[in-house]
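Listed here are the chains, written in short residue letters.
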Amino acid sequence: MNGRVDYLVTEEEINLTRGPSGLGFNIVGGTDQQYVSNDSGIYVSRIKEDGAAALDGRLQEGDKILSVNGQDLRNLLHQDAVDLFRNAGYAVSLRVQHRLQVQNGPLGQRSEGEPSGIPIALVLVPAFALTMVAAWAFVRYRQQL
């Protein structure tokens, strides 16, 4: 393995309806408390069980929220982002960035400890056959003495 982690980045529009416990998730990040190094974006830190986001199922912990009701979340203090969510209304539209980790390296590459793909029978059967031939030859040779 080359030690590099690759991600597939996708964006999605998610519409949530505010429930009794709000939108049902917590956020981290902002210009004053970066969650990801060199990135002041707003990220989902926790999905609340039975909340609007959990019931919808598309928003995941670690997703980056790009906008709320069309308002860009870049370069906001954390509290300003919280206030934006709190004042977003009943029907809320989120533009979200998902990052999915993908396999790196060529297909078929095996990591350490994985089997080589050669069945054990391909090694044992010829070894057993050679042993039997050697035993037969030894017995025949001893009889001639």
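You'll find the structure just up there.
Residues numbered from 1 in each chain as written. Predicted model: local features only at pLDDT ≥ 70, side-chain atom pairs only at ≥ 80, totals over all residues. Heavy atoms only, no water.

A.B. asks: What is the right way to look at the overall build of the chain in this model?
C.D. replies: A count of helices and strands for the chain gives three helices and six strands. Going from N to C terminus, the chain has its helices and strands arranged as β-β-β-α-β-β-α-β-α. Considering the chain as a whole, with its 145 residues, one finds that 28% of them fall into the buried category. Per element, the accessible surface of the chain, about 10,300 Å² overall, is 54% carbon and sulfur. (Helix = DSSP H or I, 4+ residues; strand = E, 2+ residues; numbered from the N terminus. Buried < 20%, exposed > 50% of the residue type's maximum accessible area, 1.4 Å probe, protein only. Areas by Shrake-Rupley, 256 points an atom, 1.4 Å probe, with all protein chains shown as cover.)

A.B. asks: What is the right way to read the side chain of Asp63 from this model?
C.D. replies: Considering the arrangement of structural elements, one finds Asp63 in the loop between α1 (52–56) and β4 (64–68). The charged side chain of Asp63 is buried without a salt bridge, its nearest counter-charge being Arg99 at 8.6 Å. A polar side-chain atom of Asp63 sits 2.9 Å from a polar atom in the side chain of His98. (Lys, Arg positive; Asp, Glu negative; His and termini not counted. Salt bridge = Lys/Arg side-chain N within 4 Å of Asp/Glu carboxyl O. Polar contact = N/O pair within 3.5 Å; in protein donor to acceptor, adjacent residues only side chain to side chain.)

A.B. asks: Would you take a moment to explain the environment of Val102 for this structure?
C.D. replies: Its place among the elements puts Val102 in strand β6 (residues 91–102). A C-alpha to C-alpha distance of 5.5 Å links Val102 and Tyr7, two positions 95 residues apart in sequence. If sequence neighbours within four positions are ignored, Val102 has contacts with Asp6, Tyr7 and Leu8. (Contact = heavy atoms within 4.5 Å.)

A.B. asks: Sorry, what's going on with the packing of aromatic side chains here?
C.D. replies: A ring pair, where both rings are aromatic, is described by two values, the distance of the centres and the angle of the planes. Throughout the structure, instances matching the rule amount to two aromatic pairs. Plain terms: the ring middles of Phe25 and Phe85 are 5.6 Å apart, the flat faces sit at 90 degrees to each other, and that makes the pair edge-to-face. Taken as a pair, Phe25 in strand β2 (residues 25–29) and Phe85 in helix α2 (residues 78–86) lie far apart in primary sequence, 60 residues in all. Given a relative accessible area of 11%, Phe25 falls into the buried group. For Phe85, a relative accessible area of 7% translates into the label buried. Pairing Tyr35 with Tyr43 gives two aromatic rings, centres 5.5 Å apart and planes at 45 degrees, and the pair type is tilted. Looking at Tyr43, the relative accessible area reads 6%, which means it is buried. (Phe/Tyr/Trp six-rings, centres within 6.5 Å; stacked < 30°, edge-to-face > 60°.)

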